[in-house]
Amino acid sequence: MEASNLEATVTEVVCTVTPKLTAFWEDNPKGWFEAIEAEFRLANIEQSLTKLDYVTSILTSNQTFPILDIITEPPAIEPYEKAKDRLIKEFENSYNSQYIRILDHVTLGDREPTEMLEEIKKLVPLLNETTMRKIFVSKLPSRAKEFASCLTKLSLDELAEVADLFQTNFNEQREQRREFDLLIAGIRALNNLVTEVRSSRECFEEYIYGQGSEEQSSSESSDERICYYHRKFGDNAFKCKGRCNYNA
């Protein structure tokens, strides 16, 4: 009889344990709900509406605004769960927007991806990993971004290390390509120079040979106006024939 009374007393004490709830963490709503749900388990609180009452009692007026309709007219099914989902979504989106603005100026530059990730973590240490991952990947170069988007099973830190290797390999290939492009450009410039030299030489030869042809034509034309005797004997010619211009 005494054992039964003791068991009933212990059960009553366990059932009347009051959960210790902290103020709502606007910057980490998901973590806050995990903490208070641990308190609910310790206090054996299982009723959804009871959990909602506890949450409502701890929120400020501004914090209750997103779930005001749930508080005033609680749905028949899972009112606490619905309020929880909405609060997490509301405050995570709000703080994520602030974090994104803080990270606007962060760029990869000449650094390795792991170094950029360290800066992101220092600037927004409370940002959840899912959002941090999206921001990190968005700031990678386009080819690395496509590669990183496929590695969904890696943690964020592992992803950054793989991105380091990818970026190093890509930079080496880019440098080799740059050297190759410079070589091709040099060859093209040399070919253009050779072509220009050949063209100049042809113009020069044409000019020289053209001058010689004109002189030869002039000489032949002149010879045609001198008669046979003067062409052959010059001043010693004893005879002149036709319209000879020798003395002209």
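Source: prediction; values computed, not measured. (Residues numbered from 1 in each chain as written. Predicted model: local features only at pLDDT ≥ 70, side-chain atom pairs only at ≥ 80, totals over all residues. Heavy atoms only, no water.)

Asker: What is the right way to look at the overall build of the protein in this model?
Answerer: Tallying secondary structure elements over the protein gives 11 helices and zero strands in all. Reading the secondary structure of the protein in the N-to-C direction produces α-α-α-α-α-α-α-α-α-α-α. Within the protein, buried positions represent 25% of all 248 residues. Intrachain contacts of the protein at a sequence separation of at least 6 include 47% that bridge at least 24 residues. With the model as given, the accessible surface of the protein reaches about 18000 Å², and the carbon-plus-sulfur share is 52%. (Helix = DSSP H or I, 4+ residues; strand = E, 2+ residues; numbered from the N terminus. Buried < 20%, exposed > 50% of the residue type's maximum accessible area, 1.4 Å probe, protein only. Contact = heavy atoms within 4.5 Å. Areas by Shrake-Rupley, 256 points an atom, 1.4 Å probe, with all protein chains shown as cover.)

Asker: What is the right way to look at unusual backbone geometry in this model?
Answerer: The backbone of Asn44 sits at a positive phi, close to 55°, despite the residue not being glycine. Inspection of the secondary structure puts Asn44 in the loop between α2 (29-42) and α3 (48-58). You will see that Glu78, though not glycine, has its phi angle at about 50°, which is positive. Examined against the element boundaries, Glu78 turns out to sit in the loop between α5 (68-72) and α6 (79-102).

Asker: Would you explain the packing of α3 against α6 in this entry?
Answerer: As a packed pair, α3 and α6 sit with axes 7 Å apart at the nearest point and diverge in direction by 45°. Looking at the two axes, α3 sits oblique to α6. Judged by residue contacts, Ser48, Leu49, Lys51, Leu52 and Val55 of α3 engage Pro79, Tyr80, Glu81, Ala83 and Leu87 from α6. Tallied by class, residues from the contact of α3 with α6 come to seven nonpolar, one polar and two charged. (Axes fitted to C-alpha atoms, helices over the stretch in contact; angles between N-to-C directions. Parallel < 35°, antiparallel > 145°, perpendicular 65-115°, else oblique. Nonpolar A, V, L, I, M, F, W, Y, C, P; charged D, E, K, R; others polar.)

Asker: Got a minute to help me understand the packing of aromatic side chains in this structure?
Answerer: Aromatic ring pairs: the centre-centre distance and the angle between the two ring planes describe each pair. Going through the model one piece at a time under the given rule, you end up with seven aromatic pairs. Where Trp32 meets Phe33, the ring centres are 5.0 Å apart and the plane angle is 80°; that geometry is what we call edge-to-face. Their ring planes at 80° and their centres at 6.0 Å tell us that Phe40 and Tyr80 sit as a pair that is edge-to-face. With Phe40 in helix α2 and Tyr80 in helix α6, the pair connects residues that are 40 residues apart, well separated along the chain. Given the relative accessible area of 0%, Phe40 is considered buried. In textbook terms, an aromatic cluster arises when at least three aromatic residues are bridged by ring pairs, as seen for Phe24, Trp32, Phe33, Phe40, Tyr54, Tyr80 and Phe91. (Phe/Tyr/Trp six-rings, centres within 6.5 Å; stacked < 30°, edge-to-face > 60°.)

Asker: Explanation requested: the pattern of salt bridges in the structure shown.
Answerer: Between side chains of opposite charge, a pair can form when the charged atoms approach closely. Going through the model one piece at a time under the given rule, you end up with four salt bridges. Of the charged contacts in the structure, one is a salt bridge between Arg86 and Asp69, with a shortest N-O distance of 2.6 Å. Linking Arg86 in helix α6 with Asp69 in helix α5, this pair joins segments that are 17 residues apart in sequence. With a relative accessible area of 33%, Arg86 lands in the partly exposed category. (Salt bridge = Lys/Arg side-chain N within 4 Å of Asp/Glu carboxyl O.)

Asker: Is there a simple way to think about helix α7 (residues 113-123) in this case?
Answerer: Three or more residues of α7 are buried, namely Pro113, Met116, Leu117 and Ile120. End-on, the buried residues of α7 take up no more than an arc of 100°, which puts them together on one face. (Arc of directions from axis to C-beta.)

Asker: I'm lost on the side chain of Glu37 in this one. Help?
Answerer: Relative to the assigned elements, Glu37 resides in helix α2. By relative accessible area, which is 17% here, Glu37 ends up buried. Each residue touching Glu37, except ones within four places of it in the same chain, is listed here: Tyr80 and Lys84.

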